[in-house]
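Observations on the three-dimensional arrangement
Listed here are the chains, written in short residue letters.
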Amino acid sequence: AASSHSTAATYDFMVVSNRLPVDRCAPGESGDDGSGWRRSPGGLVTALAPMMTKTDGAWVGWHGAPDETVEPFSHGGMDLVPVQLSNDDVELYYEGFSNATLWPLYHDVIAPPEFHRTWWDAYRRVNQRFADAVVRHAGQGATVWVQDYQLQLVPRLLRQARPDLRIGFFNHIPFPPPEIFAQLPWRQAIIDGLMGADLVGFQRPSDAGNFMRSARRFLGASVKQQQVHVKGKYGEITHIARAQAFPISIDVAQISELAHNPEIIERARQIRQDLGNPKTILLGVDRLDYTKGIRHRLKAFEELLNEGKLTVGDATLIQVASPSRERVEQYRLLREEIEGTVGHINGTYDTIQNTAVRYLHHSYPVEEMVALYLAADVMLVTALRDGMNLVAKEYVTARKDNDGALVLSEFAGAADQLKQALLMNPHDIDGLKDTIMRAVDLPPKDAARRMRSMRKQILEHDVDHWSADFLAALNEKVVRDDS
Ligand code: G6P
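Fair warning: this is a prediction, and the values are worked out from it, not measured in the lab. (Residues numbered from 1 in each chain as written. Predicted model: local features only at pLDDT ≥ 70, side-chain atom pairs only at ≥ 80, totals over all residues. Heavy atoms only, no water.)

1. Details of the packing of aromatic side chains
Here the structure, examined in full by the defined rule, presents 23 aromatic pairs. Here tyrosine 290 and tyrosine 331 contribute two aromatic rings whose centre-to-centre distance is 5.3 Å and whose plane-to-plane angle is 55°, an arrangement assigned as tilted. Residue tyrosine 290 is located in the loop between β14 (280-287) and α10 (294-306), and its partner tyrosine 331 is located in helix α11 (residues 329-349); the two are separated by 41 residues in the primary sequence. You can call tyrosine 290 buried: its relative accessible area is 6%. Through a chain of ring-to-ring contacts, the aromatic side chains of Tyr106, Phe175, Phe181, Phe202, Phe211 and Phe218 assemble into a single cluster. (Phe/Tyr/Trp six-rings, centres within 6.5 Å; stacked < 30°, edge-to-face > 60°. Helix = DSSP H or I, 4+ residues; strand = E, 2+ residues; numbered from the N terminus. Buried < 20%, exposed > 50% of the residue type's maximum accessible area, 1.4 Å probe, protein only.)

2. Looking at the site of the ligand
Surrounding the ligand, one finds Arg19, Tyr94, Asn99, Asp148, Tyr149, Gln150, His172, Ile173, Arg287 and Arg325. At a separation of 2.5 Å, an oxygen atom of the ligand approaches a polar side-chain atom of aspartate 148. A distance of 3.2 Å separates an oxygen atom of the ligand from a polar side-chain atom of glutamine 150. Partitioned by chemical class, the residues of the shell around the ligand number three nonpolar, three polar and four charged. (Near = heavy atom within 4 Å. Polar contact = N/O pair within 3.5 Å; in protein donor to acceptor, adjacent residues only side chain to side chain. Nonpolar A, V, L, I, M, F, W, Y, C, P; charged D, E, K, R; others polar.)

3. Structural notes on the pairing of strand β13 (residues 237-245)
Bridge count between strand β10 (residues 199-202) and β13: four bridges; the pairing is parallel. Bridge pairing in β13 places leucine 199 opposite arginine 242. Note: strand β12 (residues 227-231) against β13, five bridges, orientation antiparallel. What sits directly across from histidine 229, in β13, is isoleucine 240. Connecting the antiparallel pair β12 and β13 is a turn made up of five residues, with glycine 235 showing a positive phi of about 80°. (Pairing = 2+ DSSP bridges.)

4. Thoughts on the nonpolar core
By size, the foremost hydrophobic cluster in this structure holds 105 residues, and its most contacted members are Phe130 and Phe211. Per-element tally for this core: the top contributor is helix α2 (residues 87-106), with ten residues. Apart from residues no more than four positions distant in its own chain, phenylalanine 130 is found in contact with Val16, Ser17, Asn18, Val60, Gly61, Trp62, Val83, Tyr93, Leu151 and Val154. By size, the runner-up hydrophobic cluster in this structure holds 69 residues, among which are Val370, Leu374, Ala421 and Met454. (Core = buried A, V, L, I, M, F, W, Y, C linked by side-chain atoms within 4.5 Å. Contact = heavy atoms within 4.5 Å.)

5. Examining the pairing of strand β15 (residues 315-322)
β15 sits mainly inside the fold: eight of its eight residues count as buried. Going residue by residue along β15, you find Ala315, Leu317, Gln319 and Ala321 tucked away on one face and Thr316, Ile318, Val320 and Ser322 tucked away on the opposite face as well. The pairing of β14 with β15 spans eight bridges and is parallel. The partner of glycine 284 across the bridge, within β15, is glutamine 319. Taking the sense of rotation as the criterion, the β-α-β connection linking β14, α10 and β15 turns out right-handed. Relative to strand β16 (residues 357-360), β15 is paired through four bridges, and the arrangement is parallel. Its bridge partner being in β16, leucine 317 is matched across the sheet by valine 357. (Right-handed = clockwise from strand over helix to strand, strands pointing away.)

6. Here we look at the packing of α2 against helix α3 (residues 117-137)
Their axes nearest at 8 Å, the elements α2 and α3 cross at an angle of 110°. One way to sum up the angle between α2 and α3 is to call them roughly perpendicular. Note on element contacts: α3 touches α2 through Thr118, Trp119, Trp120, Ala122, Tyr123, Arg125, Val126, Asn127, Arg129 and Phe130, opposite Asp89, Leu92, Tyr93, Gly96, Phe97, Ser98, Ala100, Thr101 and Leu102. Of the residues contributing to the contact of α2 with α3, the split by class is eleven nonpolar, five polar and three charged. (Axes fitted to C-alpha atoms, helices over the stretch in contact; angles between N-to-C directions. Parallel < 35°, antiparallel > 145°, perpendicular 65-115°, else oblique.)

7. As for the environment of phenylalanine 97
For phenylalanine 97, the location among the structural elements is in helix α2. Among the residues examined, phenylalanine 97 registers a relative accessible area of 0% and is labelled buried. Counting along the chain gives 19 residues from phenylalanine 97 to histidine 116, while the straight-line C-alpha distance between them is 7.9 Å.

8. Quick word on the packing of helix α8 (residues 252-260) against helix α13 (residues 390-398)
Relative to each other, α8 and α13 sit at 45°, their axes nearing to 8 Å. Put simply, α8 runs oblique to α13. For the crossing formed where α8 meets α13, the hand is right-handed. In contact with Val252, Ile255, Ser256 and Ala259 of α8, α13 contributes Glu394, Thr397 and Ala398. (Left-handed = near helix turned anticlockwise from the far one by under 90°.)

9. Some thoughts on the confidence of the model for the protein
Across the protein, the average pLDDT comes to 95, with 97% of residues at or above 70. Here the prediction assigns the complex a pTM of 0.96, and the interface score ipTM is 0.97. (pLDDT = per-residue confidence, 0-100.)

10. A short note on α11
It helps to recall that an α-helix has 3.6 residues per turn; residues three or four apart then point in one direction. A rise of 1.5 Å per residue sets the reference length of α11, with its 21 residues, at 30 Å; its end C-alpha atoms lie 30 Å apart and thus fit the reference within 8%. Taken together, the buried positions of α11 are occupied by Tyr331, Leu334, Ile338, Val342, Ile345, Asn346 and Tyr349. One side of α11 holds all its buried residues, which, seen down the axis, span an arc of 90°. Across α11 from its buried face, at more than 90 degrees, point the exposed residues Glu336 and Gly347. Along its buried surface, α11 packs onto α2, β14, α10 and β16. (Expected span 1.5 Å × (residues − 1). Arc of directions from axis to C-beta.)

See the structure below:
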């Protein structure tokens, strides 16, 4: 229910993200409600959808189809404001600057980031377009919450055009240390863009710390506790932003409910049976991304087979790798490498009856994911760097009987909350192998103790808490001039 000002509807709460929280959907496809759209999976939408309908809100984002104009529309009670991207924008802003410059730079340069001025120009142009859409639709004094690394210039652009707005930003991925961030030719503009916000949120305290150190180094800001003071031409304080960690979580109720659903429990049994009821099912679930450490995981698994510590028939690894960013070169290379490795492992160790690695280059609905979580004895989250990793939290939430083991990389944000996981460094292949074997042989009592304590943590901190905490902090933020 938005009020109409001349032509454009205005709202008092707006969320801005690169993608709208809906996908195109063909008639008859799962999730089809006849509108041609279905709600995207994931906790962010679940957390924010109720707020959208309660507070006269709207979501601004790209609808996913290049070169196509879509007028504002409503879906599932949410007002959606589509932003158009041309084919060039997709190539230069999305695949280029967002996913071949910022993504690798922010994930410890696991892949080499590329710096191109044409990509940067497109990033600025598209960020301006997102900001314009917000300005057109934001009511006086509205709260605007900008999401993630694709839109880091939007806070500053909004503040310039609309000083009346309350502006929050949340970075879902890591923020790199200044020693790495320094490589970016446009480092100052990015920090300045973020500093347009009243509150800048991060996954881990270390990410917030990295951001504050970069603000000091590249913008000459002064930092007191978590307040970042930006100075004007004459050294006067022009703006204060607050930087703080707000670890994101999942829709706990949804995952628990599915984990108790008899059809899904039956499906989990079926999956085990289809694999020949091996003693141990290990599971990896990732977007096919070089940050996820899938190669390290496969290497460790192969060596364990080679040494006879695991045998095919006793142990099977299910690796779900959902297709992602397939036109970006590093992703194409990674896919070839992973598929070559899987082919090599299976060619060497499979029998007519059993497979070593069941590799699935698909994405699945959440029901099937929960069935896989229930079927898996050992969950492998071996990311080399990950903002949070929600798969780890979903697995723990699904394990309602307090059994199963989570092998978790210390480089995933989730390690801050899931301290009872079997934590390891995925670069240390011997350490990874030892941890996998510990997980396979984990005494049930030890497993239950760990799982119980991890479940408690997540059940008390679901994604509703995350968004409520962030928005409360954004509302409370007081600009203090006690410098
Ligand atoms: C990560 C990012 C999100 C992004 C998602 C999927 O989780 O933090 O911003 O939407 O990956 O990637 P994609 O490029 O398909 O949007």
